[in-house]
Amino acid sequence: MADYAGYLVYLTISTGLFGLFALGLNLQWGFTGLINFGHVAFMTVGAYATVLLSSQGVPIIIAAMAGAVLAALLGLLIGTSTLRLREDYLAIVTIGVSEFLRLVVQNEEWLTQGSFGVQSFPLPLVQFSPNPFGKGVMIAILTLIAALAGWRLWRGIFQQGKPIDLLVWGVAATTLGLLLYLSGAVALLNYTYKAGLMLLVLIALALVYGGLESLVRSPWGRVLKAIREDEQVPLALGKDVFWYKLQAFMLGGAIAGIAGAFYAWQLTTVYPTNFEPLISFYAWTIVLLGGAGNNAGTLLGAVIFWAYDSLTRFVLPQFVPLDDARLGAFRIMIIGLILMVLMVWRPQGILGRKEELTLGR
Amino acid sequence: MVDDSVKQPESGMEQKEQSSSTPSLLSAEKLCKSFGGIAAVDNAQIFVPQGNITGLIGPNGAGKTTLFNLLSNFLRPDKGQVIFDGEPIQHLQPHQIAQQGMVRTFQVARVLSRLSVMENMLLGAQKQTGENLLRVWFRHRQVAQEERRNKEQAMSILESVGLAPQADEYAGALSGGQRKLLEIARAMMTRPKLILLDEPAAGVNPTLVNQICEHIVSWNREGMSFLVVEHNMDVIMSLCHSVWVLAEGKNLAHGTPAEIQTNSQVLEAYLGN
Ligand SMILES: Nc1ncnc2c1ncn2[C@@H]1O[C@H](COP(=O)(O)OP(=O)(O)O)[C@@H](O)[C@H]1O
Ligand SMILES: [Mg+2]
């Protein structure tokens, strides 16, 4: 029982941090149309910067913020060199940079300990032991976030006119959400480090989500969407298209950097192999599942992605006689298949708007 | 084609004097641009007086669109200079030129399909506080107020061009003619000094062409200047105070519509094609 609860907390943290990670990509690609196949690069910078700086005695929160700033600077570097060029350049350069960074991290042992990994570094809230009142406050915050998430999910479904397939998804997501919420609340009662981390990642996620939602509904977000549709138009109307692309790219990078810090705190030891290109692919899967250009959809995509991951992790081995490595590949194959089915069934993603696909240019 | 009140108000002579004595709103000289050795625009000049509707005509492939791209810096000229509102503008980025008050439209209308008609319009508003990332978070009230004002302004322009009922629809759902109209209305939303229109009547049904012309004339009466590329001669003749003719990238003629209509070189360029 305790094991299950522990796993559910792990699942919430994973969902939360990959939700953050994918929100960054959704800002870049979903809203601005920037093709970034190397999103994991920002996460690498965020994770290593946080871990290495805090090991040197920098306060952990400042280390994490420095990680986000460095990730944004990486975005500035990539952006200034490629964002003026045709869009495919960005796609290629981002893949290249993310692999380059992984190799740097692997080989610069003096800094990162290479493939031995960074074994011990400060973790947030690790010595924190809340009194009953503190626990109550934490559970209240968790409840608030869970309620907001539920409300947002159902509003999204009702806005789509309550189609039956979405209702099924909604019920499934709500059930899972309740399960996660209950196990989270229990974990906070019997406070452990992971429970604290779970609450932290959820708070960060809620803040970033709220900040992004107000941005994408603002005139600033309107310019991004215009760039995604046809960048000549905002250019002709006096918008500095390059600068807006750069802002979106850097902000998306910074958010992925924060996700990187949480990733490191969840792993508690970081190896270069934690930052394979596959991680960028996870973010793309999440964004495509939920609906590009839709933040709530992206979060739903993260929930579905990790629910799928857990289901197949525990259920598949019962039915498929494969060793671990093959099973891992098989699970990725299936998610590819699911994406293909989704592209046929709901190409706009689960919460995307169907009408948008039928419009001519 | 267009009702009588639209006929050019002044006589040709006055026009010519005005364009040579008063400084032009836009003047471009010795503009050159070639694509792989082929001169699309070859030592062309054009002057657009303040407050006028100036026409630009020429056979297909004469270089009119290329000239527009050079004026708005969507393409860098190989040579030449462009002065807008008293300032040289060649060194400016396209968006900076728009900010200075010269806005162009496209030959094939470009609307943002997956944005609503209203959002298309709002994109045109200049100097929005809410276009600054930090101010979206920290000047929430001001941003909201401005947005409300811009919406009112957009709505009144949409009403005047008859697109108000479609304000909340996707722009991608509009007909070809309505898209042209939206593009012009969106350009008006920037409160420019000069609008460059590239074939505003191309592919538009005759009723809508009439409407578009009426809007251009009424905005011109309110002081807006236009430079219009158009193939439809009726439109050019009824709208324009003066006309420039381009052929094979070079200036062929310049004068009032009446003069141009009877210019033998111009007739030859059109008929000889
Ligand atoms: N981007 C380009 N690359 C190569 N040739 C071009 C380009 N744009 C225009 N041209 C050529 O320049 C000439 C002028 O074209 P354009 O300005 O579109 O003419 P118009 O608008 O008067 O019909 C044409 O011969 C066209 O083929
Ligand atoms: Mg043309």
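Just above sits the structure.
The rules we used
- Residues numbered from 1 in each chain as written.
- Chains lettered and ligands numbered in written order.
- Predicted model: local features only at pLDDT ≥ 70, side-chain atom pairs only at ≥ 80, totals over all residues.
- Heavy atoms only, no water.
- Disulfide = S-S within 2.5 Å.
- Buried < 20%, exposed > 50% of the residue type's maximum accessible area, 1.4 Å probe, protein only.
- Helix = DSSP H or I, 4+ residues; strand = E, 2+ residues; numbered from the N terminus.
- Contact = heavy atoms within 4.5 Å.
- Pairing = 2+ DSSP bridges.
- Axes fitted to C-alpha atoms, helices over the stretch in contact; angles between N-to-C directions.
- 1 Å grid on protein atoms, 1.4 Å probe; cavity = no way out; pocket = protein on both sides within 12 Å on 5 of 7 lines; lining within 4 Å.
- Points joined across faces, edges and corners; volume = space filled by probe spheres on them.
- Donors = N, O, S within 2.8 Å, 3.2 Å for Na, K, Ca; no water.
- Near = heavy atom within 4 Å.
- Polar contact = N/O pair within 3.5 Å; in protein donor to acceptor, adjacent residues only side chain to side chain.
- Areas by Shrake-Rupley, 256 points an atom, 1.4 Å probe, with all protein chains shown as cover.
- Expected span 1.5 Å × (residues − 1).
- Arc of directions from axis to C-beta.

Participant: Could you clarify how one ought to interpret the state of the cysteines in this entry?
Facilitator: Linking two cysteines covalently via their sulfur atoms produces the bond known as a disulfide. All names here are of chain B. Using the criterion set out here, one finds 0 disulfides over all chains in the structure. In this structure C213 is a free cysteine whose sulfur lies 9.2 Å from that of C240, the closest cysteine sulfur available. The class for C213 is buried, based on a relative accessible area of 2%. Using a relative accessible area of 0% as the deciding quantity, one classes C240 as buried.

Participant: Whenever I open this one, the environment of H91 of chain B confuses me. Can you help?
Facilitator: Residues and elements named next belong to chain B. The topology assignment puts H91 in the loop between β5 (87-88) and α3 (94-100). Considered as a pair, H91 and S24 are 67 residues apart in the sequence and their alpha carbons are 19 Å apart. Residues in contact with H91, not counting those within four places in the same chain, are N73 and R76.

Participant: Quick question: what am I supposed to make of the sheet that holds strand β1 (residues 26-35) of chain B here?
Facilitator: Within a sheet, each strand pairs with its neighbour through backbone hydrogen bonds, oriented either parallel or antiparallel. All names here are of chain B. With antiparallel pairing, the 4 strands of this open sheet are ordered in space as β2-β1-β4-β5. At either end of the open sheet lies a strand with only one pairing partner, and these are β2 (38-48) and β5. With 5 bridges connecting them, β1 and strand β4 (residues 79-84) associate as antiparallel partners. Looking at β4, one finds that L26 is bridged to F84. Helix-sheet contacts for helix α2 (residues 64-71) involve β1, β2 and β4, and the interaxial angle to β1 is about 115 degrees.

Participant: What is the right way to look at the layout of surface pockets in this model?
Facilitator: To locate leftover empty space, one rolls a probe as large as a water molecule over the atoms. Counted as a void, the second largest pocket has a volume near 1300 Å³. Forming the boundary of the second largest pocket are 50 residues, of which Q247 and L251 of chain A together with L133, L134 and W137 of chain B lie nearest the centre. Elements represented by at least two residues in the lining of the second largest pocket include exactly α3 (60-82), α8 (193-216) and α11 (241-267) of chain A together with α3, α5 (133-138) and α6 (140-161) of chain B. Of the residues forming the lining of the second largest pocket, the biggest block, 11 residues, is contributed by α11 of chain A.

Participant: Teacher, can you tell me more about the coordination of the magnesium ion (ligand 2) here?
Facilitator: Geometrically, a metal with four donors at the corners of a regular tetrahedron has ideal angles of 109.5 degrees, and one with six donors at the corners of a regular octahedron has ideal angles of 90 or 180 degrees. Distances from the magnesium ion (ligand 2) to its protein donors, namely T65 of chain B (OG1) and Q107 of chain B (OE1), fall within the range 2.0 to 2.2 Å. Of this pair, T65 of chain B sits in helix α2 while Q107 of chain B sits in the loop between β6 (102-104) and α4 (117-124); the two residues are 42 residues apart in sequence, bridging distant segments of the chain.

Participant: What am I meant to see in the site of ligand 1 here?
Facilitator: All names here are of chain B. Neighbouring ligand 1 are F35, A40, N60, G61, A62, G63, K64, T65 and T66. Between ligand 1 and G61 there is a distance of 2.8 Å, counted from an oxygen atom to a backbone nitrogen or oxygen. In isolation ligand 1 offers 560 Å² of accessible surface; the protein chains occlude 56% of this area.

Participant: Quick question: what am I supposed to make of α6 of chain B here?
Facilitator: Given 3.6 residues per turn, any residue in an α-helix points the same way as the ones three and four places further on. End to end, α6 of chain B covers 31 Å across 22 residues, agreeing with the expected 32 Å (1.5 Å per residue, within 8%). Residues of α6 of chain B that are buried: V143, E146, E147, N150, Q153, A154, I157, L158 and V161 of chain B. One side of α6 of chain B carries all its buried residues, which in axial view fall inside an arc of 140 degrees. Opposite the buried face of α6 of chain B, at more than 90 degrees from it, the exposed residues are R141, R148, R149, E152 and E159 of chain B. Turning to α6 of chain B, the residues buried within the fold contact α9 (219-230) of chain A together with α4, α5, α7 (176-189) and α8 (206-221) of chain B. Note on α6 of chain B: the residue one or two positions beyond its end, G162 of chain B, has a positive phi of about 80 degrees.

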